[in-house]
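# Tertiary structure, described
If you want the building blocks of each chain, they are given just below.
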Amino acid sequence: MGIFAAIDFEKRNCYKEEDKQMIFAKAQKLHNGVRGTNSRVIDTLKTDLLEFLLVSVEACPEDTNFMYRVAVIFKHTGKYTEAEELIRRALALQEDAKGPGSAEVFMCCRTLALILEEKGDYTNAETFLRRSLDIALKLYDQEHDQVVAACHNLGDLLRLRRDWDGAEATYRPALTIK
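A brief report on the enclosed structure follows. (Residues numbered from 1 in each chain as written. Predicted model: local features only at pLDDT ≥ 70, side-chain atom pairs only at ≥ 80, totals over all residues. Heavy atoms only, no water.)

## Overview of the overall build of the protein chain
What the protein chain contains, in helices and strands, is eight helices and zero strands. Listed by position from the N terminus, the elements making up the protein chain come as α-α-α-α-α-α-α-α. Looking at the 178 residues of the protein chain, the share that counts as buried comes to 39%. Sequence separation of 24 or more characterises 53% of the internal contacts of the protein chain that already satisfy a separation of 6 or more. Total accessible area computed for the protein chain in this model is approximately 10,300 Å², and 51% of it derives from carbon and sulfur atoms. (Helix = DSSP H or I, 4+ residues; strand = E, 2+ residues; numbered from the N terminus. Buried < 20%, exposed > 50% of the residue type's maximum accessible area, 1.4 Å probe, protein only. Contact = heavy atoms within 4.5 Å. Areas by Shrake-Rupley, 256 points an atom, 1.4 Å probe, with all protein chains shown as cover.)

## Notes on the pattern of salt bridges
Opposite charge on two side chains lets them pair, provided their charged atoms get close. Under the definition given, this model contains eight salt bridges. In this structure, Glu-84 engages Lys-119 in a salt bridge whose closest nitrogen and oxygen atoms are separated by 2.4 Å. Of the two residues, Glu-84 sits in helix α4 (residues 80-98) while Lys-119 sits in the loop between α5 (103-118) and α6 (122-139), which places them 35 residues apart along the sequence. A salt bridge links Arg-172 to Glu-168; the nearest nitrogen and oxygen atoms lie 2.2 Å apart. Of the two residues, Arg-172 and Glu-168 both sit in helix α8 (residues 164-175), four residues apart, roughly one turn of that helix. Taking relative accessible area as the criterion, Arg-172 reaches 46% and is therefore assigned partly exposed. The class for Glu-168 is partly exposed, based on a relative accessible area of 42%. (Salt bridge = Lys/Arg side-chain N within 4 Å of Asp/Glu carboxyl O.)

## A short note on the packing of aromatic side chains
Counted by the stated rule, this structure contains one aromatic pair. Their ring planes at 70° and their centres at 6.2 Å tell us that Phe-106 and Tyr-140 sit as a pair that is edge-to-face. Of the two residues, Phe-106 sits in helix α5 while Tyr-140 sits in the loop between α6 and α7 (145-160), which places them 34 residues apart along the sequence. (Phe/Tyr/Trp six-rings, centres within 6.5 Å; stacked < 30°, edge-to-face > 60°.)

## Thoughts on the packing of α7 against α8
Two numbers describe how α7 lies on α8: the axes approach to 8 Å, and their chain directions differ by 165°. In terms of orientation, α7 lies roughly antiparallel with respect to α8. Here α7 and α8 pass one another in a crossing that is left-handed. Residues Val-148, Cys-151, His-152, Leu-154, Gly-155, Asp-156, Leu-158 and Arg-159 of α7 lie in contact with α8, whose contacting residues are Trp-164, Gly-166, Ala-167, Thr-170, Tyr-171 and Ala-174. Considering only residue class, the contact of α7 with α8 consists of eight nonpolar, four polar and two charged. (Axes fitted to C-alpha atoms, helices over the stretch in contact; angles between N-to-C directions. Parallel < 35°, antiparallel > 145°, perpendicular 65-115°, else oblique. Left-handed = near helix turned anticlockwise from the far one by under 90°. Nonpolar A, V, L, I, M, F, W, Y, C, P; charged D, E, K, R; others polar.)

## What about unusual backbone geometry?
Of note in this structure, Arg-162 is not a glycine but carries a positive phi near 65°. Relative to the elements of secondary structure, Arg-162 occurs in the loop between α7 and α8. Arg-162 gets classed as exposed once you look at its relative accessible area, which sits at 62%.

## Topic: the nonpolar core
Of all hydrophobic cores here, the largest spans 39 residues; its most connected members are Leu-53, Val-70, Phe-74, Leu-86, Ile-87, Leu-91 and Phe-128. Looking at this core, the elements with two or more residues in it are α2 (39-59), α3 (64-76), α4, α5, α6, α7 and α8. Broken down by element, the residue count for this core peaks at eight residues, all from α5. In this view, Leu-86 contacts Leu-54, Val-57, Met-67, Val-70, Ala-71 and Phe-74; residues no more than four positions away in its chain are not counted. (Core = buried A, V, L, I, M, F, W, Y, C linked by side-chain atoms within 4.5 Å.)

Okay, structure coming up:
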């Protein structure tokens, strides 16, 4: 049966967390490339795997962590439209389940912002980066890695938009951390 032996292809369901972990491991290997295999075969495998992941998300729509991780895979493979759709769904579900100020919502907002930035939608990306920074400041200490990363992400976007004063004001708190 091969690498997907634990997965029922007829129903396209992921039965166990181990199955999902195996899928992500295989996706990472495909993302990194496989020695001795030509690019056409790899592209076909990637396409099949991405299609399978989408179907798996539909089969397990309540598993927001799985949905989030699949969105990240789509983001890393340049499938930004699919990634945005999945992360927006995960964000809405996480807001309902965990509340608007949760760590899960923070991660979804940050990831959505980075997807929107890749798509060139800087205005909406800034909105979600500011939201993720606000959540991070409520969840973590000022010197926490997540706060620093949130400042850095927003500063990068503002710099990209040539908002030099805004970028400097956003970077400055992160630069004072020892």
